[in-house]
Amino acid sequence: MNMILLRAIGISTAIVLALHASVEFYGDLIRPNFRASDLFSGEIPPEKAKLATAGRLASYSWDGDLLANYAAAMAADVLHRPATDAGGRASENKAAQAAVVAALKVSPIRPALWLTLGTLQTQAGEAATPAVKMSYLTGSVPIDVAMSRVRTVTSGAAATDEEIRLLAQSDIRTALANRSRYEPLLVAAYVQATPQGKSLLLETTKVTDPKFNEILRRY
């Protein structure tokens, strides 16, 4: 009797492991080749048909990379493709936020994905300060992501948070170190910034790059 039970357990375990391996292999095949950092560097997101296939697997997968890539691709579709109507875009934004949150629950150490959540929340007119703060606290990001974070911080309520203001100064200094490339984006961020965002940019550039500070004050 014990031998029969052990064999049954062994067979069941083998079946579960085989199914898990099959799902993982299939996930590797259909995983969108699109990361959260690509969202902020101008990469084109996958087509909706490919997203739908990945979405079906993501709904029950615990693969952190699959969930994160799928969520980033969904967010890119919302943020970078033109909306057909306001109601539809609001619904798509909520769905993208849900996908991002699901990915972060499985794999939270993803600063660019936290910023993705904050960017979606900003577009929807929601409070984005906690998500933006987590994007700073969970690790470093590429410079394109840092520049996008400057825009998100300076254009919303996050610029009123003292901790974020201190953290954002490092992003601004990084952009100023590559001023020839990022000067137009910094100027655009300043033009679109809230009063608190403008003061953050002016305070940081006054110390780091006084000449650029003078340029900003002309706008």
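As a reminder, the structure under discussion sits directly above these lines.
Notes on the structure in this doc start here. All values derive from a computational prediction rather than experimental measurement.

1. Description of the packing of aromatic side chains
Both the distance between ring centres and the angle between the ring planes are used here to describe each pair of aromatic rings. In the structure shown here, the tally under the stated rule is 0 aromatic pairs. Cation over ring: Arg149 sits above Tyr136, and NZ or CZ is 3.7 Å from the ring centre. One cation-aromatic arrangement involves Lys198 over Tyr190; the distance from NZ or CZ to the ring centre is 5.2 Å.

2. Thoughts on helix α6 (residues 111-123)
Under the 1.5 Å per step criterion, the end-to-end length of α6 is 19 Å for 13 residues, consistent within 8% with the ideal 18 Å. Most of α6 sits out of view: 11 of its 13 residues are buried. Of the residues making up α6, those classed as buried are Pro111, Ala112, Leu113, Trp114, Leu115, Thr116, Leu117, Gly118, Thr119, Leu120 and Gln121. Immediately beyond the C-terminal end of α6, within one or two residues, lies Gly125, with a positive phi of roughly 75 degrees.

3. Quick notes on the pattern of salt bridges
According to the stated counting rule, one finds 11 salt bridges in the structure shown. Between Lys133 and Asp161 there is a salt bridge, with the nearest N and O atoms lying 3.2 Å from each other. With Lys133 in helix α7 (residues 129-137) and Asp161 in the loop between α8 (143-154) and α9 (162-177), this pair connects stretches of sequence that are 28 residues apart. Residues Arg179 and Glu183 are paired through a salt bridge, measuring 3.0 Å at the closest nitrogen-oxygen approach. Taken together, the residues span about one helical turn, with Arg179 and Glu183 both in helix α10 (residues 179-192) at a distance of 4 residues.

4. Section: the packing of α6 against α8
In a pair of packed helices, the angle between the axes and the distance between the axes together describe the arrangement. Between α6 and α8, whose axes approach to 11 Å, the crossing angle comes to 30 degrees. On the basis of their axis angle, the class for α6 and α8 is roughly parallel. α6 and α8 meet at a crossing whose hand is left-handed. Contacts between α6 and α8 involve Ala112, Leu115, Thr119 and Thr122 from the first element and Val145, Ser148, Arg149 and Thr152 from the second. Here the contact of α6 with α8 is composed, by residue class, of 3 nonpolar, 4 polar and 1 charged.

5. Side note on the nonpolar core
Ranked by size, the top nonpolar core spans 29 residues in total, and within it Val100 and Leu113 carry the most contacts. With 10 residues, helix α4 (residues 64-80) is the single largest residue contributor to this core. Setting aside residues no more than four positions away along its own chain, Val100 makes contact with Ala71, Leu113, Thr116, Leu117 and Leu120. Core analysis: the second largest hydrophobic core is formed by 24 residues, Ala159, Ile164, Leu176 and Leu200 among them.

6. A word on the packing of α4 against α6
Contact geometry of α4 with α6 gives a least axis separation of 11 Å together with a crossing angle of 30 degrees. Here α6 runs roughly parallel to α4, going by the angle between their axes. Of the two elements, α4 crosses α6, and the hand of that crossing is left-handed. Only Leu113, Thr116, Thr119, Leu120 and Gln123 of α6 make contact with α4, whose side of the interface consists of Ala68, Ala71, Ala72, Ala75, Val78 and Leu79. A per-class count over the contact of α4 with α6 returns 8 nonpolar, 3 polar and no charged.

7. Some words on the layout of surface pockets
By volume, the largest pocket amounts to about 230 Å³. Every residue lining the largest pocket is listed: Leu39, Phe40, Leu79, His80, Thr119, Thr122, Ser148, Arg151, Thr152 and Ser155. Elements with a contribution of two residues or more to the lining of the largest pocket: α4, α6 and α8. When grouped by side-chain class, the residues that make up the lining of the largest pocket number 3 nonpolar, 6 polar and 1 charged. Approximately 180 Å³ is the volume found for the second largest pocket. As for the second largest pocket, its lining consists of Arg35, Ala36, Ser37, Ala68, Asn69, Arg110, Pro111, Ala112, Leu113, Ser140, Val141 and Pro142. Among the elements of the structure, α2 (36-39), α4 and α6 are those that each provide at least two residues to the lining of the second largest pocket. Examining the composition of the lining of the second largest pocket, we find that 3 residues originate from one element, α6, more than from any other. Looking at the lining of the second largest pocket residue by residue, the class counts come to 7 nonpolar, 3 polar and 2 charged.

What counts and how
Residues numbered from 1 in each chain as written. Predicted model: local features only at pLDDT ≥ 70, side-chain atom pairs only at ≥ 80, totals over all residues. Heavy atoms only, no water. Phe/Tyr/Trp six-rings, centres within 6.5 Å; stacked < 30°, edge-to-face > 60°. Lys NZ or Arg CZ within 6 Å of the ring centre and 35° of its normal. Helix = DSSP H or I, 4+ residues; strand = E, 2+ residues; numbered from the N terminus. Expected span 1.5 Å × (residues − 1). Buried < 20%, exposed > 50% of the residue type's maximum accessible area, 1.4 Å probe, protein only. Salt bridge = Lys/Arg side-chain N within 4 Å of Asp/Glu carboxyl O. Axes fitted to C-alpha atoms, helices over the stretch in contact; angles between N-to-C directions. Parallel < 35°, antiparallel > 145°, perpendicular 65-115°, else oblique. Left-handed = near helix turned anticlockwise from the far one by under 90°. Contact = heavy atoms within 4.5 Å. Nonpolar A, V, L, I, M, F, W, Y, C, P; charged D, E, K, R; others polar. Core = buried A, V, L, I, M, F, W, Y, C linked by side-chain atoms within 4.5 Å. 1 Å grid on protein atoms, 1.4 Å probe; cavity = no way out; pocket = protein on both sides within 12 Å on 5 of 7 lines; lining within 4 Å. Points joined across faces, edges and corners; volume = space filled by probe spheres on them.

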